[in-house]
Amino acid sequence: MTLVNDAAPAVRSTGRKFRAFTAKHLDELTARAGLSPEQRLATRAVATVLPFRTNAYVIDELIDWAAAPDDPIYRLVFPQPDMLPEADVAHLTGLLRREAPKAEVEAAAHAVRMKLNPHPAGQMELNMPSFGDGKIPGMQHKYDETVLYFPKQGQTCHAYCTYCFRWAQFVGDADLKMAGDDVDQLRDYLVAHPEVTSVLFTGGDAMIMGEPVLRRYLEPLLELDQLESIRIGTKSLAYWPQKFVTDPDADDMLRMFEQVVDAGKNLAFMAHFTHPRELEPLVLSEAVRRIRDTGAVIRTQAPLIRSINDDPAAWESMWRTQTRMGMVPYYMFVERDTGPQDYFAVPLGRAHDIFRNAYKNVSGLARTVRGPSMSATPGKVCVDGVVDLFGEKVFALHFIQARNDDLVNMPFYAKYDPEAVWLDDLKPAFADRFPWEA
Ligand SMILES: *Cc1c(COP(=O)(O)O)cnc(C)c1O
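What you see as residue numbers is a count from 1 along each chain, following the sequence as written. With the structure being a predicted model, the display of local features is reserved for residues of pLDDT at least 70 and the display and counting of side-chain atom pairs for 80 or more, all residues being used for whole-chain, interface and lining totals. The basis for every side-chain value is the complete set of heavy atoms in the structure, and neither hydrogens nor water enter the calculation.

Identification of the protein as KamA family radical SAM protein from Actinomadura yumaensis is taken from an unreviewed UniProt entry. Quoted verbatim from the Cofactor (unreviewed entry) field of UniProt, the annotation for the protein is "pyridoxal 5'-phosphate". UniProt positions are given in the numbering used here, feature names are shortened, and annotations may be inferred rather than shown by experiment.

What follows concerns the overall build of the protein. Numbering of helices and strands runs from the N terminus; a helix is a DSSP stretch of H or I covering at least four residues, while a strand is a stretch of E covering at least two. Along the protein, the regular secondary structure elements total 15 helices and 15 strands. As defined in this context, the radius of gyration uses C-alpha atoms, and a globule is described by 2.2 Å times the residue total to the power 0.38. Taking 2.2 N^0.38 as the reference for a compact globule, 438 residues should give roughly 22 Å; the C-alpha atoms of the protein span a radius of gyration of 22 Å, in line with that estimate. Across its three principal directions, the C-alpha atoms of the protein cover 65 × 55 × 50 Å. For every residue, the accessible area (1.4 Å probe, protein chains only) is compared with the maximum for its type, and the residue is labelled buried under 20%, exposed over 50%, or partly exposed between those bounds. Sorting the 438 residues of the protein into buried and exposed places 58% on the buried side. In the protein, of all internal contacts separated by at least 6 residues, the share reaching a separation of at least 24 is 73%. His residues and chain termini do not enter the charge count, which takes Lys and Arg as positive and Asp and Glu as negative. The atoms used to mark charge sites are NZ of Lys, CZ of Arg, CG of Asp and CD of Glu. Seen as two clouds, the 48 positive and the 60 negative side-chain charges of the protein have centres 4 Å apart. Pairs of residues are marked as contacts when any of their non-hydrogen atoms sit within 4.5 Å.

Any residue with a heavy atom lying within 4 Å of a molecule or strand is counted as near it. Neighbouring the ligand are the residues Lys 142, Tyr 143, Thr 146, Leu 148, Arg 231, Tyr 330, Tyr 331, Ser 375, Lys 380 and Gln 401. The term polar contact refers here to a pair of N or O atoms within 3.5 Å; inside protein, the definition further demands a hydrogen-donor-capable atom paired with an acceptor-capable atom, and it admits residues adjacent in sequence only when both atoms are side-chain atoms. A distance of 2.5 Å is found between an oxygen atom of the ligand and a side-chain nitrogen or oxygen belonging to Tyr 331. Contacts to the ligand include Ser 375, whose side-chain N or O atom sits 2.9 Å from an oxygen atom. Taking 390 Å² as the accessible area of the ligand by itself, protein coverage stands at 87%. Listed by contribution, the elements that provide at least two residues to the shell around the ligand are β5 (139–143), β6 (146–149) and β11 (328–334). Classification convention: Asp, Glu, Lys, Arg as charged; Ala, Val, Leu, Ile, Met, Phe, Trp, Tyr, Cys, Pro as nonpolar; all other residues, Gly among them, as polar. In the shell around the ligand, the residues fall into 4 nonpolar, 3 polar and 3 charged. Boundaries of every domain are those given by an automatic assignment or by a domain database. In this structure, the shell around the ligand is formed jointly by two domains, domain 2 (124–295) and domain 3 (304–315 + 324–438), each of which donates at least three residues. Under the convention used here, a 1.4 Å probe and the Shrake-Rupley method define accessible areas, while residue burial counts only the protein chains that appear.

Taken domain by domain, the protein comprises domain 1 (20–113), domain 2 (124–295) and domain 3 (304–315 + 324–438). Between domain 1 and domain 3, the C-alpha centre-to-centre distance is 31 Å. Contacts between domain 1 and domain 3 engage 7 residues on the former and 5 residues on the latter. Note on definitions: buried area is the accessible-area loss of two parts on being combined, 1.4 Å probe, summed for both. Roughly 610 Å² of surface becomes buried between domain 1 and domain 3 when both sides are summed, with 64% attributable to carbon and sulfur atoms. A per-residue breakdown of the area domain 1 buries against domain 3 is headed by Pro 72, Arg 75 and Met 83, which together make up 69% of the total. The working definition used for a salt bridge is a side-chain nitrogen of Lys or Arg within 4 Å of a carboxyl oxygen of Asp or Glu. Here domain 1 and domain 3 share 0 salt bridges between them. At the junction of domain 1 and domain 3, the tally comes to 3 residue pairs in polar contact (both at pLDDT 80 or more). Classifying every residue of the side of domain 1 that touches domain 3 gives 4 nonpolar, 1 polar and 2 charged.

A separate point is helix α9 (residues 211–222). What a helix is expected to span follows from its residue count: subtract one and scale by 1.5 Å. Between the first and last C-alpha of α9 there are 16 Å, a value that for 12 residues agrees with the 16 Å anticipated at 1.5 Å per step. On its buried face, α9 is in contact with β6, α8 (183–192), β7 (198–201), β8 (229–234) and α11 (250–262).

Each regular strand carries side chains that alternate between the two faces of the sheet. In terms of residue burial, strand β9 (residues 266–272) counts as a mostly covered element, since 6 of its 7 residues are buried. Strand direction decides the pairing type here: β8 and β9, joined by 6 bridges, are parallel. Residue Ile 230 lies in a different strand from β9, and its bridge partner there is Leu 267. Note that β9 and strand β10 (residues 297–304) share 5 bridges and pair parallel. The partner of His 272 across the bridge, within β10, is Gln 301. When the strands point away from the viewer, a crossover counts as right-handed if the route from the first strand across the helix to the second turns clockwise. In the classification by handedness, the crossover that spans β9, the intervening helix α12 (residues 282–293) and the parallel β10 is right-handed. Two strands qualify as a pair provided that DSSP identifies no fewer than 2 bridges between them.

Now for unusual backbone geometry. Backbone torsion omega between Ala 68 and Pro 69 reads 5°, so that peptide bond is classified as cis. Along the chain, Pro 69 turns up in the loop between α3 (56–62) and α4 (72–77). Cis peptide bonds are those with omega within 30 degrees of zero, and the linkage from Gly 203 to Gly 204 qualifies with 20°. Note on placement: Gly 204 falls in the loop between β7 and α9. With a phi angle near 50°, Glu 99 is a residue other than glycine that sits in the positive phi range. Within the fold, Glu 99 resides in the loop between α5 (86–97) and α6 (102–114). Taking relative accessible area as the criterion, Glu 99 reaches 70% and is therefore assigned exposed.

So, on to α12. Owing to its 3.6 residues per turn, the α-helix aligns residues three or four sequence positions apart on the same side. The terminal C-alpha atoms of α12, which comprises 12 residues, lie 17 Å apart, in line with the 16 Å expected from a rise of 1.5 Å per residue. Along α12, the residues that are buried comprise Leu 284, Ala 287, Val 288, Arg 290 and Ile 291. Along α12, the residues classed as buried sweep out an arc of 165° about the axis, all on the same side. More than 90 degrees from the buried face of α12, the exposed residues found are Leu 282 and Asp 293. Residues of α12 that are buried in the fold lie against α10 (236–239), α11, β9 and β10. Following α12 by one or two positions, Gly 295 has its phi on the positive side, about 95°. By construction, the arc corresponds to the directions joining the helix axis to the C-beta atoms.

Spelled out as structure tokens, the structure:
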């Protein structure tokens, strides 16, 4: 058993140090956004339920404070007073106002979290495989060829997104967390499952780890010939590009990426970009250039979020800029059925319109992107459009990924519903059941 520990040798910094802002800075920051005392208290109430964390780069370089609180980047990181049901916010606000004991606030916050479907798509129960004496903590194996791993040290981010579907990983509740740190167990599992060709490190954000810690996860996998690719799910390029440019371990990190590529693996950065503004800073272009110089490939993805990026121009701009910089557009996701989904959801018909109106304007090189895609329990379902068939208005859909691989790329239909925001809202058309239903 090789447990990855956090001990890392001291290194000298060459740039401005990473500085996180958390719930204790919220009042000061929301004052800067011009919120009234009442709104600020309600924001703090929401932040007892949903995680809040941001950093100096997001605050100084990305947010347009003159436009806050309507600024899309402000909305991307700051909890909104109306993100949760009014009665819950009123109750929590009351507790904060009378300075109720911490335990009482936490108990009330926990009760609200449990109503927010903290683990969508049966993540906890369905995906964690059994192996040897029990389950492997921090692993999901949903599709034959791909294993997801949640390294224990990667369970935070440089900043949190308000719409994050993994929000439950970042709150105090231990029973909502998935994480592992036994690299031998991961490797043994892969050896026993030669069908796995891709390992995806996710979290949180795998790039929150320093080079020495990440190396302990990656190195043992390099000798596995079955692995064609190692993926790293990350928002670090948007939230802290200094990680690859001026952070003390930036150069070592890039050398490790080279080592992965030299071992004959495709090192894929699954970079999360939500809004075109995240692509503007010079330090970001420098980070992209340095990562690409190692031979790693950067693929981009993000969910479609009401009030943040529900506009074809935003997606067109992102896909164009990403392609120009040598990144490869990959997925547009539909916001998952968890957390404040009601607040951010875009109906599927509208999501498809936004996708199409952006996609039709970009060059074939950017049409590597797929979506809008729902990562749901049976697989990843893509909305192909709304069509009239046999006098009936229906959604045309297909699986990009499926637990049952016979379903991949097979078209199917659902009754059109202008309100539908997720797979569960859909009813089969021209059939009594959907193809994944027995
Ligand atoms: C999206 C996803 C993957 C990766 O699927 P690709 O289509 O290969 O990108 C793996 N596991 C889960 C649970 C996913 O949602």
